[in-house]
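Coordinates in review
This is what each chain is made of:
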Amino acid sequence: MKKIFVVIAVAALLLLAVFLYPQREEDNGKVKIGAPDDTGGMIIHYLVNEKGYEGAEVQHDFELYPVKDCCSSTSQWALSSNQYELAIMCPDAAESLLEKDDRFEIVSPCLMNSDIVVVEPGLTPNKIGIAQNRSHQAQIVAGLFGQDCATAPMLPAAIPYAYEKNAVDGVVVDALRGFTMTGDKLAGEAGHITYVLVVNKNFKEDPRYQKFIDLFQQSVEELNNPDILIEEIRKYKNIDFSREEVNQWNRLGIKHVFTIPEMRG
């Protein structure tokens, strides 16, 4: 009987070890990059497909490690378990990750004002739908409509449905989604950071990191060119953007940004 208990105890400890220290998927030599499937992921799509960043494996769908809602705990688990070297994350998720795991750092902001507000025309909103766990979206609402306007946190996938069914007066959504919806389009204060680039510090020693940074900077500059932006949105999401929509994009302050990291000597 005692032997049985010992076997069970050992088995339990082994399972616990696997849970606490998950192993990385078989390393195929490619740079693992996590990115959302919205405007935040567009720069990675462009960097890999147009700028030719070789040897990259981009996870946009995240079926096994769903970080599509980049503020979910699964995104932090995927990074902490060494599934990715680099990731595009919303500021809330990035800060939460860094508080829990000092192996990572924020390289730079990479996108501003890509969360826009869509509201019913001519209506003073009383309740705005936002994605759960995204405090920066609540800040956008408060800045536009004051503290008296309530926010309704919900799963990101439910936001367009709630707006369509008039459960809320408006919603905070990703720009590429928002431009397909009817209603007035509004932005928060100028320069509101909506996505940042996060890196595993160990990867900074890899020569492929500097190549990534060089192409990332080039991609930022090129995606702020209206002609390139129109073409990339078509390739990325099969959305035909008009010149007027690009002008509205710019009026809302949606812009790719990058601060060149200080290089170590």
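Basis of the calculations
- Residues numbered from 1 in each chain as written.
- Predicted model: local features only at pLDDT ≥ 70, side-chain atom pairs only at ≥ 80, totals over all residues.
- Heavy atoms only, no water.
- Pairing = 2+ DSSP bridges.
- Helix = DSSP H or I, 4+ residues; strand = E, 2+ residues; numbered from the N terminus.
- Right-handed = clockwise from strand over helix to strand, strands pointing away.
- Salt bridge = Lys/Arg side-chain N within 4 Å of Asp/Glu carboxyl O.
- Buried < 20%, exposed > 50% of the residue type's maximum accessible area, 1.4 Å probe, protein only.
- Core = buried A, V, L, I, M, F, W, Y, C linked by side-chain atoms within 4.5 Å.
- Contact = heavy atoms within 4.5 Å.
- Axes fitted to C-alpha atoms, helices over the stretch in contact; angles between N-to-C directions.
- Parallel < 35°, antiparallel > 145°, perpendicular 65-115°, else oblique.
- Nonpolar A, V, L, I, M, F, W, Y, C, P; charged D, E, K, R; others polar.
- Left-handed = near helix turned anticlockwise from the far one by under 90°.
- 1 Å grid on protein atoms, 1.4 Å probe; cavity = no way out; pocket = protein on both sides within 12 Å on 5 of 7 lines; lining within 4 Å.
- Points joined across faces, edges and corners; volume = space filled by probe spheres on them.

Further remarks concern the pairing of strand S2 (residues 56–59). Summarising the sheet, strand S1 (residues 31–34) and S2 pair through four bridges and their orientation is parallel. When the bridges of S2 are listed, Val31 appears paired with Ala56. Of the crossover connections in this fold, the one passing from S1 over helix H2 (residues 39–49) to the parallel S2 is right-handed.

The next thing to look at is the pattern of salt bridges. Considering all chains together, one arrives at nine salt bridges under this definition. Arg103 is paired through a salt bridge with Asp101; the nearest N and O atoms lie 2.7 Å apart. For Arg103, a relative accessible area of 29% puts it in the partly exposed group. By sharing partners, the salt bridges in this structure join Glu50, Glu231, Arg234 and Lys235 into a single network.

Our next topic: the nonpolar core. If you look at the biggest cluster of nonpolar residues, it comprises 35 residues, and the most contacted ones within it are Tyr53, Leu86, Leu197, Phe212 and Phe216. For this core, the secondary-structure elements that each account for two or more residues are S1, H2, strand S3 (86–89), helix H4 (91–100), strand S4 (104–112), strand S10 (193–200) and helix H8 (207–223). Tallying contributions element by element places H8 first for this core, with seven residues. With residues near it in sequence (within four places) discarded, Tyr53 still touches Val31, Ile33, Leu47, Val48, Phe203, Arg208, Lys211, Phe212 and Leu215. One finds Met42, Ile116, Phe179 and Met181 within the second-largest nonpolar core, a separate group that totals 26 residues.

Two quantities define a packed helix pair, namely the angle between the helix axes and the distance between the axes. Two numbers describe how H2 lies on helix H9 (residues 226–237): the axes approach to 10 Å, and their chain directions differ by 95°. For the element pair H2 / H9, the angle class is roughly perpendicular. Here Gly41, Met42, His45 and Tyr46 of H2 lie close against H9, whose contacting residues are Ile228, Leu229, Glu232, Ile233, Lys235 and Tyr236. Its residues assigned to classes, the contact of H2 with H9 shows six nonpolar, two polar and two charged.

This brings us to the packing of H2 against H8. With their axes 9 Å apart at the nearest point, H2 and H8 run at an angle of 115° to one another. Relative to H8, the element H2 is oriented roughly perpendicular. Two packed elements cross with a definite hand, and for H2 against H8 that hand is right-handed. Residue-level inspection shows Ile43, Ile44, Tyr46 and Leu47 of H2 in contact with H8, the latter providing Phe212, Leu215, Phe216, Ser219, Val220, Glu222 and Leu223.

By volume, the largest pocket is sized at about 540 Å³. Along the walls of the largest pocket sit 22 residues, with Asp37, Asp38, Pro156, Asp174 and Arg177 positioned nearest its centre. Contributing elements (two or more residues each) for the lining of the largest pocket: helix H6 (159–164), strand S8 (170–174) and helix H7 (175–178). By residue number, the principal contributor to the lining of the largest pocket is S8, which donates three residues. Within the lining of the largest pocket, the residues separate by chemical class into eleven nonpolar, two polar and nine charged.

Moving on to the sheet that holds S8. Taken in spatial order, the five strands make up an open sheet running S7-S6-S8-S5-S9, and their pairing is mixed. The sheet terminates laterally at strand S7 (150–154) and strand S9 (184–186), the two strands that pair on one side only. Put simply, the sheet's adjacent strands are angled 30° from each other on average, direction ignored. With three bridges connecting them, strand S5 (residues 115–119) and S9 associate as antiparallel partners. In the strand pairing of S9, Val119 is matched with Asp184. Its contacts with the sheet place helix H5 (residues 135–145) against S5, strand S6 (127–131), S7, S8 and S9, and it is angled at close to 50° to S5.

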